[in-house]
Each structure stands twice: as structure tokens, then as C-alpha cells.
Amino acid sequence: MKQTEHYKLSQWEETDRIMMDDFNRDNANIETALGAAFAAVTAETVARTADVAVLAAKSPFVKLREIVTAQSAAQVNLDLSDINFADWQVLWLDVAILGTWAGFLRPNGTTDASYYQLGITSGPISNNGLTAYYNDKKHRTIFFPGKSGEKRISCITVGESDGGTFYRGVCGTLTFSQLKTFLLVPAEPYYHMDTGTKITIWGVR
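Residues numbered from 1 in each chain as written. Predicted model: local features only at pLDDT ≥ 70, side-chain atom pairs only at ≥ 80, totals over all residues. Heavy atoms only, no water.

Asks: Would you explain the overall build of the protein in this entry?
Replies: Looking only at helices and strands, one finds 1 helix and 13 strands in the protein. Taken from the N to the C terminus, the helices and strands of the protein come in the order β-β-α-β-β-β-β-β-β-β-β-β-β-β. Relative to the 2.2 N^0.38 estimate, which gives 17 Å for 205 residues, the radius of gyration of the protein is 29 Å and therefore markedly larger than a compact globule would have. Taken along the three principal axes of its C-alpha coordinates, the protein extends 100 × 40 × 30 Å. In the protein, which comprises 205 residues, the share counted as buried stands at 34%. Of the accessible surface of the protein, which amounts to about 12,000 Å², a share of 55% is contributed by carbon and sulfur atoms. Separation between the mean location of the 19 positive side-chain charges and that of the 22 negative ones in the protein comes to 11 Å. (Helix = DSSP H or I, 4+ residues; strand = E, 2+ residues; numbered from the N terminus. Rg over C-alpha atoms; globule rule 2.2 N^0.38 Å. Buried < 20%, exposed > 50% of the residue type's maximum accessible area, 1.4 Å probe, protein only. Areas by Shrake-Rupley, 256 points an atom, 1.4 Å probe, with all protein chains shown as cover. Lys, Arg positive; Asp, Glu negative; His and termini not counted. Charge placed at Lys NZ, Arg CZ, Asp CG, Glu CD.)

Written out as C-alpha cells, the structure is:
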């Protein structure tokens with residue numbers, strides 16, 4: 001009886017007898033081949049997972065938080081209580097607001113913070129928070145703990161607003177070790193972020 005080249009499966013011709021043993025042998029060959037293929041795929045998956053873990057451990061960038069709003073919201077509270085700022089040189093806060101919303105970033109919900117137009121020393125634009133964000137724009141706020149929790153909270157914000165956003169934010173008294181939450185509060189009570197607003201925090205070792 002003829003057989004296939006690789007797995008030796010039966011190829012009957014009209015004059016061949018059809019025997020149960022032939023079927024059993026074919027099924028055993030198929031089982032062996034599929035088992036070997038599954039084992040090879042599993043081994044490769046394990047190896048790739050290990051490689052990804054090694055690369056992730058070496059990468060200086062770590063995603064610490066990601067929030068995507070599931071419904072319309074006037075404000076968003078980011079819990080930072082489990083972040084040890086002494087572990088990080090720099091933190092990036094990426095904010096991509098959808099909808100009609102403008103407002104401020106407040107550390108621990110406090111207004112003990114101000115932001116200035118970068119390069120201007122005449123005085124703060126506002127004492128309502130560390131920075132401001134605007135509707136349907138993307139912003140990145142960069143914090144500089146420098147692997148120390150004892151530095152006063154400070155940041156720089158860049159954004160897509162007309163002409164570009166460049167703010168320098170400082171906190172009057174709070175240090176990074178005291179920072180537990182970021183609160184995004186609206187400038188007006190009727191402002192709301194649309195569903196799908198995305199906020200991500202990255203740590204840089």
C-alpha cells in the first residue's frame with residue numbers, strides 16, 4: 001500500500017484491502033505528529049515569554065498606570081499611593097482628553113500649586129494646580145523626582161493646544177514622598193470628559 005511521504009498515512013488504491021490496523025496506525029501517526037507540533041509551539045512560546053520578560057526588565061520605561069474612562073466624567077482621580085517615587089528618575093503623565101473639557105491637575109487635590117508659562121518669570125498663569133489640560137488635545141506632563149521622594153513636586157507640560165502648550169508647574173510645600181493622588185478637576189462645573197479619555201503614567205528608571 002502506498003503511504004504519504006512525511007507521516008506515512010495510508011493511500012488506498014482500488015485493489016487494496018481496507019484494514020482496521022491501517023486506520024489505527026494512521027491515527028497514531030497523526031497523534032504523534034500533532035503532539036510534537038504542540039510541544040514545539042509551547043516551547044517557543046515559553047522561550048519568547050522569557051525573552052520579553054528579560055527585555056522588559058532591562059527597559060528604562062515602565063507603564064505604572066493606564067485609565068480609559070468608561071463613561072462621561074467631570075473629574076478623574078488617579079491613585080498614586082503604591083508608587084515609590086524614589087525608584088524613578090522621571091515620570092511621564094500622558095493625558096488625551098476627549099470632549100469639551102478644560103481643567104487643572106492638582107496633587108492630592110490641593111490648590112497649593114501654580115503653573116507658569118515656560119520662560120516667563122513675571123508670575124504664574126494660575127494658582128489652581130500644577131498645569132492645565134484642554135479638550136480634544138494631547139498633553140504630556142513630565143515630573144522630576146530624581147529617585148528622591150524629598151524633592152518638591154515640579155513638572156513641565158507640553159501639549160497640542162494652538163501655538164503649543166509649555167507650562168512649568170511647582171508645588172508650594174508637597175514633596176514627592178507626600179504625593180498620593182492626582183486629581184483632574186474641571187475649570188467649570190459643566191465640563192465633562194467623554195468616554196475614551198485616556199490617562200497613562202510611565203516611570204523612567
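Asks: Where do I start with the sheet that holds strand S9 (residues 138-143) in this structure?
Replies: Note on sheets: strands pair through backbone hydrogen bonds, and any given pair is parallel or antiparallel. Spatially, S3-S13-S5-S9-S10-S11-S7 is the arrangement adopted by the 7 strands of the open sheet, whose pairing is antiparallel. Among the strands making up the open sheet, the edge pair consists of strand S3 (61-68) and strand S7 (113-117). The mean angle between the axes of side-by-side strands here comes to 20 degrees, regardless of whether they run parallel or antiparallel. (Pairing = 2+ DSSP bridges. Axes fitted to C-alpha atoms, helices over the stretch in contact; angles between N-to-C directions.)

Asks: Can you walk me through the pairing of strand S11 (residues 165-175) in this structure?
Replies: Side-chain positions along a regular strand alternate between the two faces of the sheet. Sheet topology note: the S7/S11 ladder contains 5 bridges and is antiparallel. Across the sheet, the residue bridging to Tyr 116 is Arg 168, located in S11. Two strands pair when backbone bridges link them, and strand S10 (residues 152-159) and S11 are joined in this way by 7 bridges, in the antiparallel orientation. The residue bridging Gly 159 from the neighbouring strand is Thr 165, located in S11.

Asks: Is there a simple way to explain the pattern of salt bridges in this structure?
Replies: Should their charged atoms come close, side chains of opposite charge can pair. Inspection of every chain in the model, using the stated rule, returns 7 salt bridges. The partner of Arg 25 in a salt bridge is Asp 22, with the nearest N and O atoms 3.3 Å apart. With a gap of 3 residues between them, Arg 25 and Asp 22 both fall in helix H1 (residues 20-58), about one helical turn apart. One network of salt bridges, with partners in common, ties together Lys 63, Glu 66 and Lys 198. (Salt bridge = Lys/Arg side-chain N within 4 Å of Asp/Glu carboxyl O.)

Asks: Any chance you could explain the packing of aromatic side chains here in plain terms?
Replies: Any pair of aromatic rings gets described here by the distance separating the centres and the angle formed by the planes. One pass over the structure, following the stated rule, counts 7 aromatic pairs. Arranged with centres 5.6 Å apart and planes meeting at 40 degrees, the rings of Phe 85 and Phe 176 form a pair that is tilted. With Phe 85 in the loop between strand S4 (76-79) and strand S5 (90-96) and Phe 176 in the loop between S11 and strand S12 (181-186), this residue pair connects regions lying 91 residues apart in the sequence. Pair check on accessibility: Phe 85 and Phe 176 agree, each one buried. Every member of this aromatic cluster is reached through a ring pair, and the members are Phe 104, Tyr 115 and Tyr 167. In this arrangement the basic side chain of Arg 168 is found over the ring face of Tyr 116, its NZ or CZ atom lying 4.5 Å from the centre. (Phe/Tyr/Trp six-rings, centres within 6.5 Å; stacked < 30°, edge-to-face > 60°. Lys NZ or Arg CZ within 6 Å of the ring centre and 35° of its normal.)

Asks: Could you clarify how one ought to interpret the sheet that holds S4 in this entry?
Replies: Across the sheet, which stays open at both edges, the 4 strands sit in the order S4-S12-S6-S8 with antiparallel pairing between neighbours. Here the strands that pair on one side only, and so sit at the sheet edges, are S4 and strand S8 (131-134). Along the sheet, successive strands turn relative to each other by an average axial angle of 20 degrees, direction set aside. Relative to S12, strand S6 (residues 102-107) is paired through 5 bridges, and the arrangement is antiparallel. Across the sheet, Leu 105 pairs through a bridge with Leu 184, a residue of S12.

Asks: Could you clarify how one ought to interpret the nonpolar core in this entry?
Replies: Inside soluble globular proteins, nonpolar side chains tend to come together where they are buried. The biggest cluster of nonpolar side chains holds 30 residues, and the ones touching the most others in it are Leu 78, Leu 93, Phe 143, Phe 182 and Leu 184. Taken together, the elements giving at least two residues each to this core come down to S4, S5, S6, S10, S11, S12 and strand S13 (198-204). At 3 residues, the largest contribution of residues to this core is made by S5. Residues contacting Leu 184, with those up to four places away along its chain left out, are Ala 74, Gln 75, Val 76, Leu 78, Val 95, Trp 101, Phe 104, Leu 105, Tyr 133, Met 193 and Ile 199. (Core = buried A, V, L, I, M, F, W, Y, C linked by side-chain atoms within 4.5 Å. Contact = heavy atoms within 4.5 Å.)

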